[in-house]
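Coordinate analysis (summary)
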Amino acid sequence: MPDYLRIGEVASALGVSVDTLRRWEVDGRVEFERQRNQRVLRADKLADLLRVHAASPRTSSARNRMTGIVVSVKKDAVMAQVEMACGDYRIVSLMSREAADDLGLEPGSPATAVVKATTVIIEA
């Protein structure tokens, strides 16, 4: 008998939301089976879905984009602090060292800061 993954487990593996997977199902991009009124995917189909998802162009609902230049990159064994100058604004991002390396971030590199937050509160 094959192993099955619940829709939440599939969403976590793909880095998307459960709602996104439900939309994909409606669009015919993925086909879930039903077990006890739950959406499930055969575990052996996850690898194919991961390959298709990785090859798809990335889109984002984030609308706050600021292009600029990387000013500094400070890395340790695990994390990286990337500072950018975006016009009048200075943006600092903390990310994994691996992400900074993959993006090739270094002083002078052009980059885009993408900001999406449901709430930003600053008090003094």
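Please refer to the structure higher up on the page.
Residues numbered from 1 in each chain as written. Predicted model: local features only at pLDDT ≥ 70, side-chain atom pairs only at ≥ 80, totals over all residues. Heavy atoms only, no water.

What follows is about the sheet that holds strand β6 (residues 89–96). Read from one edge of the open sheet, four strands run β6-β5-β4-β7, paired in antiparallel fashion. With partners counted over all chains shown, the strands left at the sheet margins are β6 and β7 (110–115), one partner each. Direction aside, the axes of adjacent strands within the sheet are offset by 45° on average. Across six bridges, the pairing between strand β4 (residues 64–75) and strand β5 (residues 79–86) is antiparallel. Bridge assignment links lysine 75 to a residue of β5, and that residue is alanine 80. (Pairing = 2+ DSSP bridges. Helix = DSSP H or I, 4+ residues; strand = E, 2+ residues; numbered from the N terminus. Axes fitted to C-alpha atoms, helices over the stretch in contact; angles between N-to-C directions.)

Let us now look at the pairing of β6. Sheet analysis places β5 next to β6, joined by eight bridges and oriented antiparallel. Within β6, the residue paired with glutamine 81 across the bridge is leucine 94.

Packed helix pairs are specified by the crossing angle of their axes together with the interaxial distance, meaning the distance between the axes. Running from amino to carboxyl end, helix α1 (residues 7–14) crosses helix α2 (residues 18–27) at an angle of 100°, the nearest separation of the two axes being 9 Å. With respect to each other, α1 and α2 are oriented roughly perpendicular. In this structure, α1 uses Ile7, Gly8, Val10, Ala11 and Leu14 to contact α2, whose residues at the interface are Val18, Leu21, Arg22 and Trp24. Taken together, the residues of the contact of α1 with α2 sort by class into seven nonpolar, one polar and one charged. (Parallel < 35°, antiparallel > 145°, perpendicular 65-115°, else oblique. Contact = heavy atoms within 4.5 Å. Nonpolar A, V, L, I, M, F, W, Y, C, P; charged D, E, K, R; others polar.)

The subject of this paragraph is the nonpolar core. If you look at the biggest cluster of nonpolar residues, it comprises 12 residues: Leu5, Ile7, Val10, Ala11, Leu14, Leu21, Trp24, Val30, Phe32, Leu41, Leu46 and Leu49. Ranked by the residues each element gives to this core, the list is headed by α1, at four residues. Among the nonpolar cores identified, the runner-up in size contains 11 residues, and Val70, Ala100, Leu105 and Ala111 belong to it. (Core = buried A, V, L, I, M, F, W, Y, C linked by side-chain atoms within 4.5 Å. Buried < 20%, exposed > 50% of the residue type's maximum accessible area, 1.4 Å probe, protein only.)

Further remarks concern the packing of aromatic side chains. Scanning all chains against the criterion turns up zero aromatic pairs. The ring of tryptophan 24 carries arginine 29 above its face, with NZ or CZ at 4.1 Å from the centroid. (Phe/Tyr/Trp six-rings, centres within 6.5 Å; stacked < 30°, edge-to-face > 60°. Lys NZ or Arg CZ within 6 Å of the ring centre and 35° of its normal.)

This next bit is on the pairing of strand β3 (residues 38–42). In this structure, strand β1 (residues 4–6) lies alongside β3, joined through three bridges in antiparallel fashion. The residue bridging arginine 6 from the neighbouring strand is valine 40, located in β3. Direction of pairing for strand β2 (residues 33–35) relative to β3: antiparallel, over a ladder of three bridges. Residue pairing across strands places glutamine 35 opposite glutamine 38, the latter belonging to β3.

Turning our eyes to something else, we now look at the sheet that holds β3. Pairing in this open sheet of three strands is antiparallel, and the strands run β1-β3-β2 from one edge to the other. At either end of the open sheet lies a strand with only one pairing partner, and these are β1 and β2. On average, adjacent strands in this sheet sit at an angle of 50° to one another, irrespective of strand direction. This element, α1, spans β1 and β3 of the sheet and lies at about 85° to β1.

Let us now look at unusual backbone geometry. For residues besides glycine, phi is generally negative; the peptide bonds are generally trans as well. Although it is not a glycine, arginine 36 sits at a positive phi angle of roughly 50°. The exposure class of arginine 36 is exposed, given its relative accessible area of 78%. Even without being glycine, asparagine 37 reaches a positive phi, approximately 65°. Tracing the chain through its elements places asparagine 37 in the loop between β2 and β3.

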